[in-house]
Amino acid sequence: VVDVETAPGRGTTFHLYFPAQDVGPEEIVVLPEPSLAGCGLAPAGMSRDGGRDPQQKPWVLVVDDNPPILQFCERILSPAYQVMTVSSGREALDALRRMPYDLLLTDLRMPNMDGITLLAEASTLQPRPKLLAMTGSISTEMEQQLRDVPLDEKLIRKPFTAPVLLDAVQRCLK
């Protein structure tokens, strides 16, 4: 039996189930999690030693709880960059801990974990991605909090055009 799970921005997982003989509990063997280490294979965009493949496009992680913004960013950025989109700060942190991204582009106003908290957390990661934020509105309090975050480029104000987005991302990744 083959079971397939697909989630936008997260990828596809295949589960393969094979018939087995009945065995007693003493005969059950628990195998370790699979690893690509030492087998000569690597995920796309990564080299065999776990480092980044310099031939690959830079990786950009886009975070926004508004699906049309995610789709717009992916459509505009994907010709020049490897783009991953997620809809929450928690998903973004999980993605950043699994793989080094060159740039984190996040909305500031999101439920549960706001963009400022995400940026602060991401700024402590090694290697640290470049940090870029976008928002439709910003309060005085949020502006003050944003001063404590090491952004690599000025804030992008929504709504923005494709050239504004591309220019900000290009400047950030120089």
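Residues numbered from 1 in each chain as written. Predicted model: local features only at pLDDT ≥ 70, side-chain atom pairs only at ≥ 80, totals over all residues. Heavy atoms only, no water.

## As for the packing of aromatic side chains
Under the defined criterion, the tally for this structure stands at two aromatic pairs. Look at Trp59 and Tyr101: their rings are 5.9 Å apart centre to centre, the planes differ by 90°, and that puts the pair in the edge-to-face class. Of this pair, Trp59 sits in strand E3 (residues 59-63) while Tyr101 sits in the loop between helix H2 (89-98) and strand E5 (103-107), and the two are 42 residues apart along the sequence. Residue Trp59 shares its accessibility class with Tyr101, and that shared class is buried. Ring geometry for Phe72 versus Phe160: centroids 5.9 Å apart, planes at 55°, classification tilted. Taken together, the residues span a long stretch of sequence, with Phe72 in helix H1 (residues 67-77) and Phe160 in the loop between strand E7 (156-157) and helix H5 (162-173) at a distance of 88 residues. Residue Phe160 is classed as buried on the basis of its relative accessible area, which comes to 11%. (Phe/Tyr/Trp six-rings, centres within 6.5 Å; stacked < 30°, edge-to-face > 60°. Helix = DSSP H or I, 4+ residues; strand = E, 2+ residues; numbered from the N terminus. Buried < 20%, exposed > 50% of the residue type's maximum accessible area, 1.4 Å probe, protein only.)

## Thoughts on unusual backbone geometry
Cis geometry is found at the peptide bond from Gln126 to Pro127, where omega equals -5°. Tracing the backbone shows Pro127 in the loop between helix H3 (115-122) and strand E6 (130-135). The peptide bond linking Lys158 to Pro159 adopts the cis configuration, its omega dihedral lying at -5°. Here Pro159 is to be found in the loop between E7 and H5. Positive phi, close to 70°, is recorded for Asn112, a residue that is not glycine. Mapped onto the elements, Asn112 comes out in the loop between E5 and H3. Taking the relative accessible area as the measure of exposure, Asn112 reaches 79% and is therefore exposed.

## What about the pattern of salt bridges?
Within the structure shown, the criterion is met by seven salt bridges. Residue Arg157 pairs with Glu143 through a salt bridge whose shortest N-O separation is 4.0 Å. Pair noted here: Arg157 is in strand E7 and Glu143 is in helix H4 (residues 140-146), with a separation of 14 residues, a long-range link. The exposure class assigned to Glu143 is partly exposed, which follows from its relative accessible area of 32%. The closest approach of N and O atoms between Asp167 and Arg171, which form a salt bridge, is 1.9 Å. One end of the pair, Asp167, and the other, Arg171, are both in helix H5, four residues apart, so they sit about a helical turn from each other. A cluster of three or more residues bridged by salt bridges with shared partners is formed by Asp64, Asp107 and Lys158. (Salt bridge = Lys/Arg side-chain N within 4 Å of Asp/Glu carboxyl O.)

## What to know about the nonpolar core
When a protein is soluble and globular, its nonpolar side chains tend to lie buried together. Grouped together as the largest cluster of nonpolar side chains are 27 residues, with contacts concentrated most on Leu61, Leu104 and Leu108. Contributing elements (two or more residues each) for this core: E3, strand E4 (82-86), H2, H3, E6 and H4. For Leu104, the residues in contact, after removing those within four places along its chain, are Leu61, Val63, Leu96, Leu118, Leu119, Ala122, Pro129, Lys130, Leu131 and Leu132. If you look at the next biggest cluster of nonpolar residues, it comprises 19 residues, including Leu70, Met134, Ile156 and Ala168. (Core = buried A, V, L, I, M, F, W, Y, C linked by side-chain atoms within 4.5 Å. Contact = heavy atoms within 4.5 Å.)

## What about the confidence of the model for the chain?
Detail in the predicted coordinates should be disregarded across regions flagged by low pLDDT. This prediction gives the chain a mean pLDDT of 82; 74% of its residues lie at or above 70. Counted against residues more than four places away or in other chains, residues 27-50, with its pLDDT under 50, gives 19 contacts. (pLDDT = per-residue confidence, 0-100.)

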